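Here is what each chain is made of, one letter per residue.
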Amino acid sequence: MQGVGPGSVLAGRYAVTLRTAEGPHHERWRATDQTLERDVVLVCFPSTASVTAATLDAARRAAGLEDPRLVRVLDVGTDQDVSFVVEEPLTGSVTLAHLLVGGGLLADEVRRLVGESAVALEKARHRGLHHLALTPDCVLRMPDGAVKVRGLATDAALADLDGAPDDLASRVDAVGLVRLTYAGLTGRWPAAAPERVPPAPHEGLEPAPTIVGGLAAPSEIAVGVPTDLDLICRQTLADDAGPASPGDLANQLAPWPHEAPTTDGATAIGLPRPVVATSSTRVLPGLEPETEEHRGAHHLATAGAAAAGAAAAIGDRVGSFARAAADKAAARAAERRAAHTEGFDGEDVALHDALEGGGNQQLEPPVPLLRHPVPEAPSRTQARIALAIVGALVLVALVIGVQNVMKIGRHDGPATAPAVTPSTAARPSPTASATSPSPSPTKSAAARTPIEITGGTGFDPEGHEDQGDAKARLAFDGDRDTQWQSRWFATDDFNGSRDGVGLVLDLDERARISQVELVLPADQDVTVYAADRASLAGAQKIGKVRDKSGTVKLTAPDDLRPASKVIVWVTKAAPAEAPNRFRAQVSEVVVR
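Please read these numbers as outputs of a predicted model, since none were measured by experiment.

Chemist: Can you walk me through the overall build of the chain in this structure?
Modeler: The secondary structure content of the chain amounts to 16 helices and 23 strands. In the chain, which comprises 592 residues, the share counted as buried stands at 44%. Of the roughly 31,800 Å² that the chain leaves accessible, carbon and sulfur atoms contribute 54%.

In structure tokens, the structure reads:
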């Protein structure tokens, strides 16, 4: 790019040193802030480009958002023909694209990387900011395992992709995160998907295969893919369904581990411990610095070849594309070795050289190997004493056994009193029947008669997602210590994507409902309806409570018509112990 290069100084302050990446719209350079004496990263682009003004504006807005998972924007500016955005340095970080050189990662690590990124983008969404251009180069893992997302708003502005409505922008980011999930599980980039803003192919990853009907599912090309992650990818990338926002996806991915794994899951290479870049740091083109700690990793890369052999052995049992993936595992392992050894001398240290390098330190002689001592045989006197003890114990046991046998058949006392015969207990008193007429079937008597609940399911008429269907039975199992729970949401209004969620309970008969008793484990807003189908349309309202917990009794109006279902509709979710975690919860429902 004209006007920027090693040795140049932008705005009289930022001394440029090394270019680390080059994209179609920008270049990324390392630089030194001479005013504050700190390292920074410069994202440079022509000041005359049509997208420059929008990019600088996006960077200024992103600078006002603080989140540890988002790369901080420190400054923006223009120097003659070069405009630039100043970002914090990410020394020792590794992009998701580089992590996937040898294939897919462990499922828990994919869940963590994408989940943390989704939480960050959900926070940005509430400030009106979106990414819109997510690729594996935008997500980075720091040496301590922390996750960083770069390019918020600015990458889209540089590519002239900004300006989408909020709903569409939220959906695009959600789909982009699902694409990262797919890539993390398989090592392949799903470039083809039914989306209005399709991504470009990724240069560092092979494209995901397609089958009749669309994109191949992760489980068809990788081993050990969890069912929920596979379903998310299927629904989003093949069926054009799935999460509507990053927050929706974060709820579906949760929970995830708080720390990075000890191996990368692709070639069993051990991940480096947190280190500080030194003068021995070597730089790979397009990547953050690789430290000496990374360098030793290539000695373990032979584990990747062994894993490839094992994968090839079972390739015919893991889906139509697993065999092809297994056949390429060895080549990917070789690429990983090349990535770890690029720029090195290419020579391993011989054993005798390593030993000679240890100096002349004297070692202690080894401890001699001794035989275990063999015990001596007991003397004749000791043997007689032992036999006498054993004989005495046998005699005592025999006496106790004879006494117990003699007690068999004896009774300590008379038997219990005879039981009352059923005919006597069931015979009503003539006087009672004459003086106490049976109660008439009033409303109060009917309210005390429970109506059996025969089944139930989660209810999400607006989101059409599974809201704890398998746990619906816990709301009518008679145990107040168990409860039905919906899926997690980031806010108590269900991320603003729906009016509520709840339960639909089936009654054993169509009956006139007089009362519904709820046991709520936490404060919630709940409305209860009587209906004949799983829909709020035409449902009859029984009652409503706001910010209530514990046992709640709702009395039905007098004009309530008979119904075969009860709908428990939660419009304000209950908070959890963790921050930004809410869901609907019902411990017990009794219908009378």
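Chemist: Quick question: what am I supposed to make of the sheet that holds strand β9 (residues 147-149) here?
Modeler: Strands belonging to one sheet form pairs held by backbone hydrogen bonds; the direction of such a pair is parallel or antiparallel. Pairing is antiparallel in the open sheet, where 3 strands are placed in the order β7-β8-β9. With partners counted over all chains shown, the strands left at the sheet margins are β7 (94-95) and β9, one partner each. The pairing of β7 with strand β8 (residues 139-141) spans 2 bridges and is antiparallel. When the sheet's bridge partners are listed, valine 94 is paired in β8 with arginine 141. Docked against the sheet, helix α3 (residues 107-125) engages β8 and β9, running at close to 45° with respect to β9.

Chemist: Quick question: what am I supposed to make of the sheet that holds strand β2 (residues 14-22) here?
Modeler: Sheet architecture is open: 6 strands sit in the order β1-β2-β3-β4-β6-β5, paired in antiparallel fashion. Lying at the two open borders of the sheet, with one neighbouring strand each, are β1 (9-10) and β5 (73-79). The pairing of β2 with strand β3 (residues 27-33) spans 7 bridges and is classified as antiparallel. Directly across from valine 16, in β3, lies its bridge partner alanine 31. Sitting on the sheet, helix α1 (residues 52-63) touches β4 (38-46), β5 and β6 (82-87), and the angle it makes with β5 is about 155°.

Chemist: How should I be thinking about the packing of α3 against helix α7 (residues 246-253) in this particular structure?
Modeler: Relative orientation and spacing of two packed helices are given, respectively, by the angle between their axes and the distance between those axes. Closest axis-to-axis distance for the α3/α7 pair is 8 Å, and the angle between their directions is 150°. Judged by the twist between their axes, the crossing of α3 over α7 is left-handed. Side by side, α3 and α7 meet where Arg111, Val114, Gly115, Ala118, Val119, Leu121, Glu122 and Arg125 of the first sit next to Pro246, Gly247, Leu249, Ala250, Gln252 and Leu253 of the second. Residue composition of the contact of α3 with α7, grouped by class: 8 nonpolar, 3 polar and 3 charged.

Chemist: Looking at this structure, I do not really get the pairing of β3. What am I missing?
Modeler: Regular strands show a simple pattern: their side chains alternate between the two faces of the sheet. Extensive coverage of β3 is indicated by the burial of 6 of its 7 residues. From the end of β2 to the start of β3, which pair antiparallel, there are 4 residues. Bridging between β3 and β4 involves 7 bridges; their strand directions are antiparallel. Within β4, the position partnered with arginine 30 by the bridge is valine 41. The loop that links β3 with its antiparallel partner β4 comprises 4 residues; one of these, glutamate 37, has a positive phi angle of about 55°.

Chemist: Looking at this structure, I do not really get helix α6 (residues 227-238). What am I missing?
Modeler: It helps to recall that an α-helix has 3.6 residues per turn; residues three or four apart then point in one direction. Between the first and last C-alpha of α6 there are 16 Å, a value that for 12 residues agrees with the 16 Å anticipated at 1.5 Å per step. Listed as buried for α6 are Leu229, Asp230, Ile232, Cys233, Thr236 and Leu237. Seen end-on, α6 carries its buried residues on one side only, within an arc spanning 160°. Buried-residue contacts for α6 involve α3, α5 (166-186), β13 (214-215) and α7.

Chemist: So what exactly am I meant to see when it comes to empty space enclosed by the protein here?
Modeler: Unfilled space is identified by rolling a water-sized probe across the atoms. With the rule as written, the count across this model stands at 5 cavities of 30 Å³ or more. Each pocket or cavity is described by its volume, and for the largest cavity that value is around 110 Å³. Together, Ala62, Leu65, Leu70, Val71, Arg72, Val73, Glu87, Val149, Arg150, Gly151, Leu152 and Thr154 line the largest cavity. When the residues that make up the lining of the largest cavity are grouped by side-chain class, the tally is 7 nonpolar, 2 polar and 3 charged.

Chemist: So what exactly am I meant to see when it comes to the pattern of salt bridges here?
Modeler: Note that side chains of opposite charge can pair when their charged atoms are close. Enumeration according to the criterion identifies 26 salt bridges in this entry. Measuring nitrogen to oxygen at the nearest pair gives 2.8 Å for the salt bridge that ties arginine 28 to glutamate 87. In this pair, arginine 28 sits in strand β3 while glutamate 87 sits in strand β6, placing the two residues 59 residues apart along the sequence. We classify arginine 28 as buried; its relative accessible area is 7%. Between aspartate 506 and lysine 565 there is a salt bridge, with the nearest N and O atoms lying 2.6 Å from each other. Of the two residues, aspartate 506 is situated in strand β16 (residues 501-511) and lysine 565 in strand β19 (residues 563-572); the sequence distance between them amounts to 59 residues. Taking relative accessible area as the criterion, aspartate 506 reaches 26% and is therefore assigned partly exposed. Given a relative accessible area of 18%, lysine 565 falls into the buried group. Residues joined by salt bridges that share partners form a network here, namely Asp67, Arg69, Glu116 and Lys123.

Chemist: Would you mind going over the packing of aromatic side chains with me for this structure?
Modeler: Each aromatic ring pair is described using two quantities: the centre-to-centre distance and the angle formed by the ring planes. One pass over the full model with this rule turns up 3 aromatic pairs. Their ring planes at 70° and their centres at 5.7 Å tell us that tyrosine 14 and phenylalanine 84 sit as a pair that is edge-to-face. One end of the pair, tyrosine 14, is in strand β2; the other, phenylalanine 84, is in strand β6, with 70 residues separating them in the sequence. Both residues of the pair, tyrosine 14 and phenylalanine 84, belong to the buried class.

Chemist: Looking at this structure, how should I read a nonpolar patch on the surface?
Modeler: On the surface, Leu395, Leu398, Val399, Val402 and Met406 cluster together into a nonpolar patch covering about 490 Å² of accessible area. Here leucine 395 shows up in helix α13 (residues 380-406).

Chemist: Mind showing me how you'd approach the nonpolar core here?
Modeler: The nonpolar side chains of a soluble globular protein tend to be buried with one another. With 58 residues, the main nonpolar core has Leu152, Leu177 and Tyr182 as its most contacted residues. Broken down by element, the residue count for this core peaks at 8 residues, all from α3. Setting aside residues no more than four positions away along its own chain, leucine 152 makes contact with Ala62, Leu65, Leu70, Leu121, Ala124, Leu129, His130 and His131. Core analysis: the next-biggest nonpolar cluster, separate from the first, contains 35 residues, Trp484, Val516, Leu520 and Val545 among them.

Chemist: Just checking my understanding: could you explain the environment of alanine 522 for this structure?
Modeler: With respect to the helices, strands and loops of the structure, alanine 522 is situated in strand β17 (residues 515-531). Sequence-wise, alanine 522 and proline 575 are 53 residues apart; in three dimensions their C-alpha atoms are separated by 7.8 Å. Those residues in contact with alanine 522, other than ones at most four positions away along the chain, are Lys548, Ser549 and Ala574.

The rules behind each value
- Residues numbered from 1 in each chain as written.
- Predicted model: local features only at pLDDT ≥ 70, side-chain atom pairs only at ≥ 80, totals over all residues.
- Heavy atoms only, no water.
- Helix = DSSP H or I, 4+ residues; strand = E, 2+ residues; numbered from the N terminus.
- Buried < 20%, exposed > 50% of the residue type's maximum accessible area, 1.4 Å probe, protein only.
- Areas by Shrake-Rupley, 256 points an atom, 1.4 Å probe, with all protein chains shown as cover.
- Pairing = 2+ DSSP bridges.
- Contact = heavy atoms within 4.5 Å.
- Axes fitted to C-alpha atoms, helices over the stretch in contact; angles between N-to-C directions.
- Left-handed = near helix turned anticlockwise from the far one by under 90°.
- Nonpolar A, V, L, I, M, F, W, Y, C, P; charged D, E, K, R; others polar.
- Expected span 1.5 Å × (residues − 1).
- Arc of directions from axis to C-beta.
- 1 Å grid on protein atoms, 1.4 Å probe; cavity = no way out; pocket = protein on both sides within 12 Å on 5 of 7 lines; lining within 4 Å.
- Points joined across faces, edges and corners; volume = space filled by probe spheres on them.
- Salt bridge = Lys/Arg side-chain N within 4 Å of Asp/Glu carboxyl O.
- Phe/Tyr/Trp six-rings, centres within 6.5 Å; stacked < 30°, edge-to-face > 60°.
- Patch = residues over 30% accessible without salt bridge, like charges linked within 9 Å, V, L, I, M, F, W, Y side chains within 5 Å.
- Core = buried A, V, L, I, M, F, W, Y, C linked by side-chain atoms within 4.5 Å.

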